[in-house]
Amino acid sequence: MATIKISRAKNCSAAIDYAKGHDKLRESDKSWLIQNGVPIDTVDALDSRSVATSGVLVDPDYAKSQMKQTRELFQNTGNTEAMRVIQSFSHEDLDPTNPADWQRCNDLGNELAQRIAPNHQVAIYTHIDGTGHMLHNHIIINMPNLETGKKYNHNNDWQRVVKFNDEILRERGLSVI
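Source: prediction; values computed, not measured. (Residues numbered from 1 in each chain as written. Predicted model: local features only at pLDDT ≥ 70, side-chain atom pairs only at ≥ 80, totals over all residues. Heavy atoms only, no water.)

**Q** Explain the overall build of the chain residue by residue, including any values.
**A** For the chain, the count of helices and strands is six helices and five strands. For the chain, the α and β elements follow one another from N to C terminus as β-α-α-α-β-α-β-α-β-β-α. A compact globule built from 177 residues should have a C-alpha radius of gyration of about 16 Å, and the chain, at 16 Å, falls within 12% of that. Based on the C-alpha atoms only, the size of the chain along its principal axes is roughly 50 × 35 × 20 Å. Within the span of the chain, comprising 177 residues, buried residues form 49% of the whole. Partitioning the contacts of the chain with sequence separation of at least 6, the portion at a separation of at least 24 is 78%. Only carbon and sulfur atoms are counted for the fraction: they give 47% of the accessible area of the chain, which is about 8,900 Å². (Helix = DSSP H or I, 4+ residues; strand = E, 2+ residues; numbered from the N terminus. Rg over C-alpha atoms; globule rule 2.2 N^0.38 Å. Buried < 20%, exposed > 50% of the residue type's maximum accessible area, 1.4 Å probe, protein only. Contact = heavy atoms within 4.5 Å. Areas by Shrake-Rupley, 256 points an atom, 1.4 Å probe, with all protein chains shown as cover.)

Below, the structure is given as structure tokens:
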């Protein structure tokens with residue numbers, strides 16, 4: 001089962017910085033991974049909160065600058081620079097101690113991003129930290145549509161995003177709330 005949260009980001013760069021979490025994976029999270037059987041060399045290779053990344057029409061390593069250039073190109077101004085979608089999975093569906101599930105989680109976030117925001121730049125960062133060490137994605141959607149320049153319409157978007165999320169879960173044989 002996966003849950004969805006949606007919020008607006010007034011500062012896209014700050015949202016991406018948080019989602020990337022460079023040098024932010026806590027020692028307690030690393031210890032938890034090792035105690036739960038993740039190989040030490042795998043854990044030692046982690047230097048950020050994001051354990052898997054991907055992008056739609058953007059390189060997640062350069063998402064801040066690429067998204068900023070797009071907003072400037074389309075003169076996209078206003079109080080909201082990006083939308084944040086948090087997609088969290090239960091331990092029954094994705095195991096936070098299995099590195100293959102880290103990528104699987106990110107792939108599910110990428111698929112959701114493509115369905116909810118076609119023609120938008122989207123960066124997906126997968127985390128394993130937080131309460132209960134649930135695998136979850138931080139999906140950052142840049143506001144301008146690359147074809148029309150119009151802003152992503154986020155009014156009453158939660159039901160639409162949940163519908164797409166549930167469709168993906170059913171297609172993959174995962175549990176739906």
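**Q** Could you give an account of unusual backbone geometry, with specific residues and numbers?
**A** Here the phi dihedral of Leu57 falls at roughly 60°; this positive angle occurs in a residue that is not glycine. Checked against the element boundaries, Leu57 lands in the loop between β2 (50-56) and α4 (63-73). You will see that His133, though not glycine, has its phi angle at about 50°, which is positive. Along the chain, the position of His133 falls in the loop between β4 (122-127) and β5 (136-142).

**Q** Tell me about the sheet that holds strand β1 (residues 2-9), and please be specific about residues and values.
**A** Strand order in the open sheet formed by five strands is β1-β3-β5-β4-β2, and the pairing between neighbours is antiparallel. Either end of the sheet is taken by a strand with one partner, and the two such strands are β1 and β2. Each strand axis lies, on average, 15° off the axis of its neighbour in the sheet, ignoring direction. Inspection of the sheet shows β1 paired to strand β3 (residues 82-89) by eight bridges, in the antiparallel sense. Among the inter-strand pairings, Ala9 is bridged to a residue of β3, identified as Ala82. Against the sheet, helix α1 (residues 12-20) touches β1, β2, β3, β4 and β5, its axis set at about 160° to β5. Each of β1 and β3 is contacted by helix α6 (residues 158-171), which is oriented at about 145° to β1, the strand it contacts most. (Pairing = 2+ DSSP bridges. Axes fitted to C-alpha atoms, helices over the stretch in contact; angles between N-to-C directions.)

**Q** Account for the pairing of β5, naming residues and giving values.
**A** The element β5 is extensively covered by neighbouring structure, given that seven of its seven residues are classed as buried. Every second residue of β5 is oriented toward a common face, with His136, His138, Ile140 and Asn142 on one face and Asn137, Ile139 and Ile141 on the other, all of them buried. Relative to β5, β3 is paired through seven bridges, and the arrangement is antiparallel. Considered in β5, the bridge of Gln87 is made with Asn137. In this structure, β4 lies alongside β5, joined through six bridges in antiparallel fashion. Bridge assignment links Tyr125 to a residue of β5, and that residue is His138.

**Q** Can you break down α4 residue by residue, with the values?
**A** Buried within α4 are the following residues: Ala63, Met67, Thr70 and Arg71. Taken around the axis of α4, the buried residues stretch over an arc of 100°, which confines them to a single face. Facing away from the buried side of α4 by more than 90 degrees, the exposed set consists of Gln69, Glu72 and Leu73. Looking at the buried side of α4, the elements it contacts are α1, β4 and β5. Directly after α4, the chain includes Gln75, whose backbone phi takes a positive value near 50°. (Arc of directions from axis to C-beta.)

**Q** Could you give an account of the packing of helix α5 (residues 99-116) against α6, with specific residues and numbers?
**A** Remark: α5 packs on α6, axes separated minimally by 10 Å, with the N-to-C direction vectors making an angle of 135°. Considering their axes alone, α5 and α6 lie oblique with respect to each other. At the point where α5 passes α6, the crossing takes the right-handed sense. Residue-level inspection shows Leu108, Glu111, Leu112, Arg115 and Ile116 of α5 in contact with α6, the latter providing Arg160, Val161, Phe164, Asn165, Glu167, Ile168 and Glu171. (Parallel < 35°, antiparallel > 145°, perpendicular 65-115°, else oblique. Left-handed = near helix turned anticlockwise from the far one by under 90°.)

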